[in-house]
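Overview (structure and organization)
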Amino acid sequence: MERAKHKHLLLFISSSLLSYFFLLLFALLISHQFSIASAQNATPSTVRVGVLLDLGTSSGKRSKTSISMALEDFYAINGNFSTRIELEFRDSMNEVVSAASAAVDLLKNSQVEAIMGPLTSAETEFVAYLCNRSQVPLLSFSATSPAISPTHLPFFIRANLNDSSQSIPIAAFIQHFGWREAVPIYEESEFGSGIIPSLVDALQSIDTMIPDRVVIPTEVSDDHIDNKLYRLMTQQTRVFVVHMLPALASRFFHRVQALGMMSAEYVWIVTDSVGDVLDILDPDVKNVMEGVIGFRTYFAFSDEVKSFKSRFKERFRQDNPGSEVADPTIYQLWAYDAVWALAKAVEKADVTNSSFVIPSSNSSSTDLSTLGVSETGPKLLSAILGTTLNGLAGNFRLVDGQLQLLAFEIVNVVGKGTRNIGFWTPDKGIIREIDSLNDSGNVNNLKNILWPGDLIVAPKGWVVPSNGKVLRIAVPAKAGFGVFVNVSGPTSEVSGYCIDVFNAVLSKLPYSLQYEFFPLSLSYSYNDMVYQVYLKKYDALVGDVTIRANRTNYVDFTMPYTESGVSMIVLLQSDSSQSMWIFLKPLTAQLWLISLAFFIFTGFVVWVIEHRINPEFRGTPWQQFGLIYYFAFSTLVFAHKEKLESNLSRFLVIIWVFVVLILTSSYTASLTSMLTVQQLQPSVTDVNQLLKQGDYVGFQDGSFVMELLLKLGFDPGKLKNLTTADDYADALAKGSAKGGVAAIFDEIPYLKVFLSQYCENNYVMVGPTYKTDGFGFVFPRGSPLLQDMSRAVLSVTEGEDMTRIEKKWLGKSNECTSSSTSMGSSSLSFRSFAGLFIITGSVSGLMLLIYIGMFLYREWERLSTLRDDHETPWEIIVAWFRHYDQFDRKSPTFKEYVRSSMSLEGSQGRLEGQIGLTGSRSPGNRSDQSAEMSFEFSQGGMTPPSGTDSGDISNRGPTEEIELAGQSRE
């Protein structure tokens, strides 16, 4: 029973819990459905946003359609948002006053939370001040003037690109083709002038000059445009950057085409104000713009953009029946993205309960003074600045209140359409394809371009206009050194080396130049002449003008066409240093000492080799010491009579005699030159000598050399300016002590000309050469002629033209034999004979080593015995040396010498018998003679070694052998 009760109880509890669960679930479902119904029936909060557009223009109509579509698309996707933007359109009527009036109405009466527009920069600037005062965000998608900046107007938000962002891309394009000048052409408005500061900075950063600027009023006649274009035709620059709104640009290019300026050699570049709308311009306008280069904002042509364009045309046709339908431009895409960003920011900021604070203490009755201040404006501004999204025009991200640039597309107008030729990105610069950002092979490469005049080769960017001014070429007119530049005659005819080089360079240019020479008087220094070019008083300076670093700060130089360097020229004087010791001068002290050492070394090696086998190299120590010197030095005159027995010494002497022959011949020639040729030496050889002596020095009048001399430490009072080559000669002849100079400093071309004119006089160029860059032609900074002239200079200097010109004007300087060649021969140094001494030293050393090796090999048994018989090393060395000192009894010369000695003894005996000097020849007498001869040999160092067996003739000394030979004859 209890078990049945428990079972019923558990069933009851389970049933109760299940019923409670289903009731709870049903309640939750009812509550959720009620919440959904409430949410669907709830009305979103309305946020009013004003839109200022010029609704009478095609651009205003397209922008209105884009904004309306953007708002519908946004809330179709985000239907659960608690806020809804309500647009209030106002027509600005393309007037600043109307735009300002409409803005006041929106701020005062409608109390909008934000304003979008207006279209133009002039309208936007005025409205921006109003919004900034009311603290209402102004979101612009078309005002591009850099003059309107969020820095000064915090409540101004630029949802498009600043005009200044395209200055660097345009400059990069100009630099890509190497154009050195460009002329901006812009409309006279806040929009037109806004880009100029950044464009000028960008062009100057690449060393591109702006020789002129052309301003076109917005309301202008065709005649006024023509006058501006005629002025450009008279100038040499052919690169133009056009910054105008499309309406004015269309009229402008029609006049350009009519005047024939859309032809070869012209380059026309339009900014994105025209580039962004090229595709929707009238076909006739694009036809006259063929060859124009345009920059426009790049955006990816995604599927979303394609869908938007398709829907846009249909919607525009509905909103504007009867109007011509055109594709949306980048401005409509920016407007679309700006609406999405604003809608997201409105939801995020929660500005539903907003209000304006109206000033209460203002007694003025004007509308502007009664404008209120939005309480939610700062909050909405912060939300807008922090909003990011992936829009139709790309990534929408604001930095410092402005949209960030992705890339620019570069297009070429061809026919009635446009063709892409490349892109520009902040990271890579100019590239060929936008999808090759990491492909270094396409960097700095553009597609083929069709230039005005149907050219496919890029224009050089400038021409010499046929109706332009003649180039004014300045030339130095000076009295001296007319071989370089000479101005003569009543007509100031200009000639000279530099003028011929200039004419040769002009002949290498691919075009002709009209020019006229203008001589500059002697009152101008060379620096003054250069400065005249800097002041644009002359178009160039041609003459003997040296390229200097300080001058390049003001002008540009072509490549140099002469050799460079500054040196000094001095007078040669007779050498009075000859004395009785002049015979030592042909050789330097080092060579004398080395020669002496080799004489001694060679004699010593010959003595070592010959001493044991040659009786002529034996005797007392003093005799042998003297023999070493005598034999070596007697080879100087080849008077050595000693017969050499060893092949080692013979080979050595052959090499040595060859060395002595060359040495003595060179010595003789040098000494002869010193004794017979007039000896001339420079009076000064070093700058420090001039400074130490305080001598006067000269330089060419007007030359930069004076600056160099001052840097070297010369006293300005010791410097004398000279003009002509005759002045140089007179000053050097007088000398520093008699009112002249001790030396003249000048550039090497002038010094060579001076030496050629005074070939027979005793002048010489000495001292160090101070580096300079030579002569060059001078042009104003950024001159378009510079590059072509420099290339032509190289062509002339590397060809036969320069040789012909130098032969014509400077040929004598090459034919003249300078007096410096008559200067005495310098002493011969060891370096001149080092190879000979190395050869003879090596041979001598080798022969000595071979002999020592042979001696040790032959006498090793005897040397080993002597080593064993003595204890100390010194005793061993002494014993070895004594053994070496003995006559080598095994050599053929020993036996020959013995026979010759015995024959000599017999000859002496017969001679004595014939002349009666002796009586009977007793053995005792012969013994005395043998003993006498034995004594002589003993004095020669040929005593027999101790322990020698007297019974063995092969082991006896020479004395014993001669005595035995005498006794056997008895």
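Residues numbered from 1 in each chain as written. Predicted model: local features only at pLDDT ≥ 70, side-chain atom pairs only at ≥ 80, totals over all residues. Heavy atoms only, no water.

Per an unreviewed UniProt entry, the protein chain goes by the name Glutamate receptor and belongs to Rhynchospora pubera. Per UniProt, the protein chain carries the Subcellular location (unreviewed entry) text "Membrane". According to its UniProt record, the protein chain has this under Subunit (unreviewed entry): "May form heteromers." (UniProt positions renumbered as here; feature names shortened; annotations may be inferred.)

A tally of helices and strands in the protein chain yields 31 helices and 32 strands. Burial status across the protein chain gives 47% buried among its 970 residues. Within the protein chain, contacts between residues separated by at least 24 positions form 73% of all contacts whose residues are at least 6 apart in sequence. In the form shown here, the protein chain has an accessible surface area of approximately 47,600 Å², with 55% of it arising from carbon and sulfur atoms. (Helix = DSSP H or I, 4+ residues; strand = E, 2+ residues; numbered from the N terminus. Buried < 20%, exposed > 50% of the residue type's maximum accessible area, 1.4 Å probe, protein only. Contact = heavy atoms within 4.5 Å. Areas by Shrake-Rupley, 256 points an atom, 1.4 Å probe, with all protein chains shown as cover.)

Time to look at helix α7 (residues 196-205). Considered for burial, the residues of α7 that qualify are Ile-196, Leu-199, Val-200, Ala-202 and Leu-203. The arc that holds the buried residues of α7, viewed along the axis, is 165°, so those residues lie on one side. Summarising the geometry of α7, the exposed residues directed more than 90 degrees from the buried face are Pro-197, Asp-201, Gln-204 and Ser-205. Against the buried residues of α7 lie α5 (167-176), β6 (183-187), α6 (190-194) and β8 (239-243). Positive backbone phi, approximately 60°, marks Asp-207, located one or two places after α7. (Arc of directions from axis to C-beta.)

Any empty space left between atoms is shown by rolling a water-sized probe over those atoms. Taken as a whole, the largest pocket holds about 1,400 Å³ of empty space. Sorting the residues of the lining of the largest pocket by element identifies α2 (58-77), α4 (121-134), α6, α9 (246-258), α11 (283-288) and α13 (330-349) as the ones contributing at least two each. Across the lining of the largest pocket, the residue classes tally to 15 nonpolar, 14 polar and 12 charged. (1 Å grid on protein atoms, 1.4 Å probe; cavity = no way out; pocket = protein on both sides within 12 Å on 5 of 7 lines; lining within 4 Å. Points joined across faces, edges and corners; volume = space filled by probe spheres on them. Nonpolar A, V, L, I, M, F, W, Y, C, P; charged D, E, K, R; others polar.)

Another aspect to go through is the UniProt feature "transmembrane region" (unreviewed entry) in the protein chain. Mapped onto this numbering, the UniProt entry gives "transmembrane region" (unreviewed entry) at residues 591-609, 621-639, 651-669 and 833-857. Taken end to end, residues 651-669 is 100% helix and 0% strand, and its first and last C-alpha atoms sit 28 Å apart. Annotated as residues 833-857, this span is 100% helix and 0% strand, and its ends, taken at the C-alpha atoms, are 36 Å apart.

This part covers helix α28 (residues 873-885). Here α28 is 13 residues long and its end C-alpha atoms lie 18 Å apart, about the 18 Å a rise of 1.5 Å per residue gives. Within α28 the residues assigned to the buried category are Ile-876, Ala-879, His-883 and Tyr-884. For α28, the angular spread of the buried residues around the axis is 140°, confining them to a single face. Residues of α28 that are exposed and point more than 90 degrees away from the buried face comprise Trp-874, Phe-881 and Arg-882. Lining the buried residues of α28 we find α17 (589-610), α26 (830-858) and α27 (860-869). (Expected span 1.5 Å × (residues − 1).)

Here the focus is the sheet that holds strand β9 (residues 267-270). With mixed pairing, 8 strands are arranged side by side in an open sheet as β7-β6-β8-β9-β10-β17-β18-β19. The sheet is open, and its two edges are formed by β7 (214-216) and β19 (429-431), each paired on a single side. Neighbouring strand axes in the sheet, compared pairwise and without regard to direction, differ in orientation by 25° on average. In the sheet, β8 pairs with β9 via 4 bridges, with the strands oriented parallel. Note on β9: the bridge partner recorded for Val-239 is Val-267. Each of β6, β7, β8 and β9 touches helix α8 (residues 222-233); the most contacted strand, β7, lies at about 170° to it. (Pairing = 2+ DSSP bridges. Axes fitted to C-alpha atoms, helices over the stretch in contact; angles between N-to-C directions.)

Residues Met-580, Trp-581, Phe-583, Leu-584 and Trp-592 make up a contiguous nonpolar surface patch of about 530 Å² in total accessible area. Positionally, Trp-581 belongs in the loop between β26 (566-574) and α17. (Patch = residues over 30% accessible without salt bridge, like charges linked within 9 Å, V, L, I, M, F, W, Y side chains within 5 Å. Salt bridge = Lys/Arg side-chain N within 4 Å of Asp/Glu carboxyl O.)

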